[in-house]
Structure formats: structure tokens, C-alpha cells
Amino acid sequence: MANPKRARSGKPRTQTRESTYIEPKSVSQGLKRVREAARWDASLRFTNLLHHITEQLLREAYEALNPKAAPGVDEVTWAEYGEGLENRLKDLHGRVHRGSYKAQPSLRTYIPKTDGRMRPIGIASLEDKIVQQAVVWVLQAIYEEDFLGFSYGFRPGRSQHNALDAVWVAIMQRKVNWILDADVRGFFDSIDHE
């Protein structure tokens with residue numbers, strides 16, 4: 001008989017302290033050491049991480065992007081940026097490390113919601129997406145070690161489906177006295193963005 005606490009994917013179906021960190025392909029030994037240090041000492045503060053943003057990490061970040069994604073204000077597509085990629089990444093790496101890299105404004109656009117309203121989204125420029133993905137990988141090496149198992153939002157390898165699966169298992173296998181269902185509507189539309 002199959003283990004009821006495991007989903008078909010073999011991943012745990014209930015709360016776990018297991019990390020969901022997904023490393024880039026060529027993660028450096030230094031970044032692995034950062035992750036290990038974060039795992040073993042939660043009070044540790046990391047103050048110097050920029051050197052982990054390498055040309056190779058930027059290349060992998062570029063490759064991880066959706067080639068069909070809409071371009072930002074720079075109007076540069078994934079394919080266009082790929083022409084002369086090595087020179088572009090060398091230049092980008094240099095600007096990031098010199099402190100002269102400046103993120104561009106996001107392109108504001110609206111997509112329709114099912115209820116007829118329009119949802120505002122911002123589309124970053126391609127270079128901003130590359131830098132953001134590289135920084136995400138560096139920071140995930142640290143903060144994924146701190147997250148608790150019942151945290152599902154915006155984490156690699158986890159989704160709302162995993163959260164619902166864990167709720168189902170908890171309800172069916174444990175004594176549950178009450179369930180709270182809350183939905184904060186339009187929160188980001190109503191807060192002061194200044």
C-alpha cells in the first residue's frame with residue numbers, strides 16, 4: 001500500500017522542514033557553503049554576497065527565463081538579447097559589480113480578470129529579469145533554509161496545489177475543530193505604494 005503522506009510525485013504531502021531550494025545548474029562551491037551555513041546557524045547574518053553573482057550565474061539566469069515572455073520598456077526580446085550573449089553578460093556583470101547597473105522602470109500593462117476588472121502588472125526589462133533571477137538564486141540559498149514546511153507561497157517546487165493537498169491530508173488524518181477561510185481582495189491595489 002502506498003504511503004498516504006506522499007503525493008504521486010514522491011514529495012511529502014504534509015508539513016515538513018525539508019528545503020525546496022532548487023539550485024542553478026552550476027552552483028558554486030561558495031554558494032553551497034552559504035546554504036550549509038544558513039542551515040546550521042539561523043542567527044548567522046550574511047553581509048557579502050555580491051561575488052556569488054558571476055557571469056555563469058547570469059548566463060543560467062538568462063537561460064531560465066521564458067523565451068516567449070513579453071519584453072519590458074527596453075523592448076528587447078530574449079532572442080535579441082541572445083545575439084552576442086557573452087559580450088552582453090560580461091558587460092552586465094561588470095556594471096553589477098561596479099555598482100553602475102540601474103534597473104529600468106517596469107512596463108505597466110493590464111490583463112483582464114475573470115470578473116471583468118483589469119489587473120495591473122509590471123513587466124521588467126530583460127536585463128532586470130536576468131539580474132533578479134540571479135539574485136533570487138543567491139538569496140534562496142539562505143532563506144529557503146529558514147522557511148517552515150507549511151509555507152507555500154512563491155517558493156520553488158511548491159504551489160497552491162501542494163498547499164491544498166497538505167490541507168486535505170491534515171483534515172482527513174487529524175482531528176480538526178475549525179477551518180478559517182479568508183481572502184484579502186485587492187490588497188496590493190489599496191496600499192500606498194510610495
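Keep in mind that this is a model prediction, so the values were computed, not measured. (Residues numbered from 1 in each chain as written. Predicted model: local features only at pLDDT ≥ 70, side-chain atom pairs only at ≥ 80, totals over all residues. Heavy atoms only, no water.)

Draft legend 1. Just the overall build of the protein, in detail. On a plain count of helices and strands, the protein comes out with seven helices and two strands. When its helices and strands are written in sequence order, the protein yields α-α-α-α-β-β-α-α-α. When burial is assessed residue by residue, the protein has 29% of its 194 residues classed as buried. Long-range contacts, defined as pairs at least 24 residues apart, comprise 62% of the intrachain contacts of the protein with a sequence gap of at least 6. Surface accessibility of the protein: about 13,800 Å² in total, with carbon and sulfur atoms responsible for 55%. (Helix = DSSP H or I, 4+ residues; strand = E, 2+ residues; numbered from the N terminus. Buried < 20%, exposed > 50% of the residue type's maximum accessible area, 1.4 Å probe, protein only. Contact = heavy atoms within 4.5 Å. Areas by Shrake-Rupley, 256 points an atom, 1.4 Å probe, with all protein chains shown as cover.)

Draft legend 2. Spotlight on the nonpolar core. Counting 24 residues, the largest nonpolar core has Ile 53, Leu 58, Tyr 81, Leu 92 and Ile 130 as the members making the most contacts within it. For this core, the secondary-structure elements that each account for two or more residues are helix 1 (29-40), helix 2 (55-64), helix 4 (85-98) and helix 5 (126-143). Looking at this core element by element, the count peaks at eight residues for helix 5. Ignoring any residue separated from it by four or fewer positions in sequence, one finds Leu 92 in contact with Leu 58, Tyr 81, Tyr 101, Glu 127, Ile 130 and Val 131. (Core = buried A, V, L, I, M, F, W, Y, C linked by side-chain atoms within 4.5 Å.)

Draft legend 3. Region of interest: the layout of surface pockets. In this model, the largest pocket occupies a volume close to 470 Å³. Contributing to the lining of the largest pocket are 15 residues, with Lys 113, Arg 119, Pro 120, Phe 188 and Asp 189 lying nearest its centre. Ranked by residue count, the leading element in the lining of the largest pocket is strand 2 (residues 118-123), at five residues. Each pocket or cavity is described by its volume, and for the second largest pocket that value is around 330 Å³. (1 Å grid on protein atoms, 1.4 Å probe; cavity = no way out; pocket = protein on both sides within 12 Å on 5 of 7 lines; lining within 4 Å. Points joined across faces, edges and corners; volume = space filled by probe spheres on them.)

Draft legend 4. Structural detail: the packing of aromatic side chains. The tally for this structure, following the rule as stated, stands at three aromatic pairs. Their ring planes at 0° and their centres at 4.6 Å tell us that Tyr 62 and Trp 78 sit as a pair that is stacked. Linking Tyr 62 in helix 2 with Trp 78 in helix 3 (residues 78-82), this pair joins segments that are 16 residues apart in sequence. Accessibility expressed as a relative area gives 4% for Tyr 62, which makes it buried. Geometrically, the ring pair formed by Tyr 143 and Phe 147 is edge-to-face, given 5.5 Å between the ring centres and 70° between the ring planes. For Tyr 143, a relative accessible area of 31% puts it in the partly exposed group. (Phe/Tyr/Trp six-rings, centres within 6.5 Å; stacked < 30°, edge-to-face > 60°.)

Draft legend 5. Seen up close, the pairing of strand 1 (residues 107-112). Of the strand pairs in this sheet, strand 1 and strand 2 are connected by six bridges, and their pairing is antiparallel. Paired with Leu 107 across the strands is Ile 123, a residue of strand 2. What sits between the antiparallel neighbours strand 1 and strand 2 is a turn of five residues, in which Gly 116 has the positive phi angle 95°. (Pairing = 2+ DSSP bridges.)

Draft legend 6. Highlighting unusual backbone geometry. The backbone of Glu 75 sits at a positive phi, close to 60°, despite the residue not being glycine. Turning to its location among the elements, Glu 75 is positioned in the loop between helix 2 and helix 3. With relative accessibility at 62%, the residue Glu 75 sits in the exposed group.

Draft legend 7. Seen up close, helix 1. A rise of 1.5 Å per residue sets the reference length of helix 1, with its twelve residues, at 16 Å; its end C-alpha atoms lie 17 Å apart and thus fit the reference within 8%. Residues of helix 1 that are buried: Gly 30, Leu 31, Val 34, Arg 35 and Ala 38. For helix 1, the buried positions fall inside an angular range of 145° around the axis, keeping them on one side. Of the exposed residues in helix 1, those oriented more than 90 degrees away from the buried face are Gln 29, Arg 33 and Trp 40. Where the residues of helix 1 are buried, they touch helix 5. (Expected span 1.5 Å × (residues − 1). Arc of directions from axis to C-beta.)

Draft legend 8. Representation of the pattern of salt bridges within the structure. Across all of its chains, the model carries nine salt bridges by this definition. In this structure, the salt-bridge partner of Arg 95 is Asp 91, at a minimum N-O distance of 3.0 Å. Residue Arg 95 and its partner Asp 91 are located together in helix 4, separated by four residues, close to a single helical turn. Take Arg 95: its relative accessible area is 18%, and that puts it in the buried class. Take Asp 91: its relative accessible area is 40%, and that puts it in the partly exposed class. A salt bridge links Arg 95 to Glu 127, with the shortest nitrogen-to-oxygen separation between them at 2.8 Å. Of this pair, Arg 95 sits in helix 4 while Glu 127 sits in helix 5, and the two are 32 residues apart along the sequence. Like Arg 95, the residue Glu 127 is buried in the burial classification. When salt bridges that share partners are traced, they join Arg 35, Glu 36, Arg 39 and Glu 145 into one network. (Salt bridge = Lys/Arg side-chain N within 4 Å of Asp/Glu carboxyl O.)

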